[in-house]
Every structure is written in C-alpha cells, then in structure tokens.
Amino acid sequence: MNASKEQSLRANAAQWGVIAASFSIAFCIQVVIHEMGHCLAGYAVGATGAQVRLHPFLNANVMFTHVPEGMAQPIIGMMGITADLMLASIAGLLVWKRQAVVWLPVLLWGAIAFIGEGVGMLESLGTYPEYRDDITQWIPLGLPPAWIATVSVLLVVIGLVWLALVLPTAGLSPEASFPQRFPAYFFSLPFYFLMAIAYILVIRPDKQGILPVRLSQMAISLVFTLLLALFHKPIHRLSKRFVRPRRQNRPDLRDAIPLGVAAIVVLILLIGTTTVSWGTL
C-alpha cells in the first residue's frame, strides 16, 4: 500500500470514527433530555412515582404510578418533544460558531432532535388510535392529525439539512463526491441503529420483540442517508444564502479516539443505569 492510499484510509477512518462517536453521544443526550422532559413535566402537573428508563439501544420511557386526570397526561407527553427541540436548538445556536471537532456531539444533537421527534410523531400517528403516544394524546382535544403530519415532515427536513450543514466539522466537504458522502452519512443514524440491532441479537436476545422496530428505523435511516448523499451539494449551495458555512476540518485519530472513548463511557453508563426510581418529590 502506497503512502497516499494509507493516508486516505487513515483520514476516512478518522472521519467515520468522529461521526459515529459524536452521533452516539448526541443520541444519548437526546434520549436523556426527551425522557427528563416527560419526568419534570409530570412532577409539575402533580404526577408521582416516576420510573425513568434511559437505555440507549432498547426502549426509553417514563412511567408514573399516578397521573392526575384531565390535561396532565397530554402535557407530560408534549413536554418530552418540547424540551428536546428547544434545548437542542439553543445548544446548537450557542456553539454554531465554534469549529472544533469536540463540539460536534452538541451540533449533532440538534439534527437528531428534529429528525427523531419528527419521525416519532409520524410513528405515533401510525399507531393511533390503538395506541396514544406523546403527540397523539392531543388529537381527542382537537389537534388535527394533518397538522401533526405536516409539522413532523417539516421537523425531519430541518433535521436532515442541519445534519448536512454540520458534517464539515467532521471533514466532509460541501463538494465531496457521492462515494465520500454516503459512508459519512452512514456512520450517523444507520450505524447507530446497526449497533442497537447487534446489541439485541448478541447481548439481549430476550428483547427480540424490539428488533422489528429497530430494523424499521434502520431502513428509514438508510433512506435518509441516500437522500442526504444525493442532495448534499444542493443543500450546501442553497444554505449559503441563509447560513454561514462551517469550516471544513481535517480530523485525525487524535480527534476520533477521545470521542470514541467518551461515546463508549456514555453508552455504558446509560445501559448500566437504565432504570432510575425517582419516587415522589
């Protein structure tokens, strides 16, 4: 192997490692903020006995032993989405001008928040009325399903554009070729769900019931990856009219290794403390 090919392989490995590690950290942040939004909203409206599950690869949820009647449950459901979108947007805007690779997890949190909440709302519509989830609890109160679907699609589009705009921080050029773009995007959403599927198959085969959901999410993320790889250049060209382009970094293994270690630590912590009994406040 000549020196140029070896250098190219090292650069690609560093880029993909930075993206995968940063995305994993950001996904865990999103899970924690979303569920804690439910939890704090629950206590604010008088719910008691919260049990919080924050597993990064299995189901994450908040269950209360008692929830007051009336508007309490819809408010609890809505605040997970609201807290995630608001805090991710604020955090992303605060660090947008920071170009260092270390800020990539915070920047990616914004993309994940919009994509994840948008897809989650669409999934909730798909199971309504048999199952009422966060946003669909508002349908009996008069919120039109068409509005939910429209907002969901808008959130997903914002998240995908956000993802495209921050990946220069990981070394993906706005003018990168398709063979460079596709694997870079693959190591975001699809790679995370691939890890979740592997975790279920290898470590938790007793949780096979969750596997169809993760496989469906993997398929959706691959569609998003293909769309982003195809429209990467137009997104960057159009966005120049509205957003200052981010500087393209040249990450190396000195960036990828610390982020990788941080991602492993965060994942292990969430897996190890997947259930926290908060009791009553």
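In what follows, the structure referred to is the one given above.
Here goes a summary of the coordinates provided.

Reading guide: rules and limits
Residues numbered from 1 in each chain as written. Predicted model: local features only at pLDDT ≥ 70, side-chain atom pairs only at ≥ 80, totals over all residues. Heavy atoms only, no water. Patch = residues over 30% accessible without salt bridge, like charges linked within 9 Å, V, L, I, M, F, W, Y side chains within 5 Å. Areas by Shrake-Rupley, 256 points an atom, 1.4 Å probe, with all protein chains shown as cover. Salt bridge = Lys/Arg side-chain N within 4 Å of Asp/Glu carboxyl O. Helix = DSSP H or I, 4+ residues; strand = E, 2+ residues; numbered from the N terminus. Buried < 20%, exposed > 50% of the residue type's maximum accessible area, 1.4 Å probe, protein only. Pairing = 2+ DSSP bridges. Core = buried A, V, L, I, M, F, W, Y, C linked by side-chain atoms within 4.5 Å. Contact = heavy atoms within 4.5 Å.

Moving on to a nonpolar patch on the surface. Together, Phe178, Val223, Leu226, Leu227, Leu230 and Phe231 make up an exposed nonpolar region whose accessible area comes to about 510 Å². Ranked by residue count, the leading element in the nonpolar patch is helix α7 (residues 211–239), at five residues. Position of Leu230 among the secondary structure elements: in helix α7. Residue Leu230 is classed as partly exposed on the basis of its relative accessible area, which comes to 46%.

Burial along strand β1 (residues 50–54) is one-sided: Ala50, Val52 and Leu54 are buried, and none of Gln51 and Arg53, which face the opposite way, are. With four bridges joining them, β1 and strand β2 (residues 60–63) adopt antiparallel strand pairing. Within β2, the position partnered with Gln51 by the bridge is Met63. The loop that links β1 with its antiparallel partner β2 comprises five residues.

Moving on, we come to the nonpolar core. Among the nonpolar cores identified, the biggest contains 76 residues, and Leu108 and Tyr192 are the most heavily contacted of them. The element that contributes the greatest number of residues to this core is helix α1 (residues 3–44), accounting for 13 residues. Those residues in contact with Tyr192, other than ones at most four positions away along the chain, are Phe23, Ser24, Phe27, Cys28, Pro56, Phe57 and Leu267.

Moving on, we get to the environment of Glu123. Along the chain, the position of Glu123 falls in helix α3 (residues 104–127). We classify Glu123 as partly exposed; its relative accessible area is 34%. For the pair Glu123 and Ser152, spaced 29 residues apart in sequence, the C-alpha separation works out to 9.8 Å.

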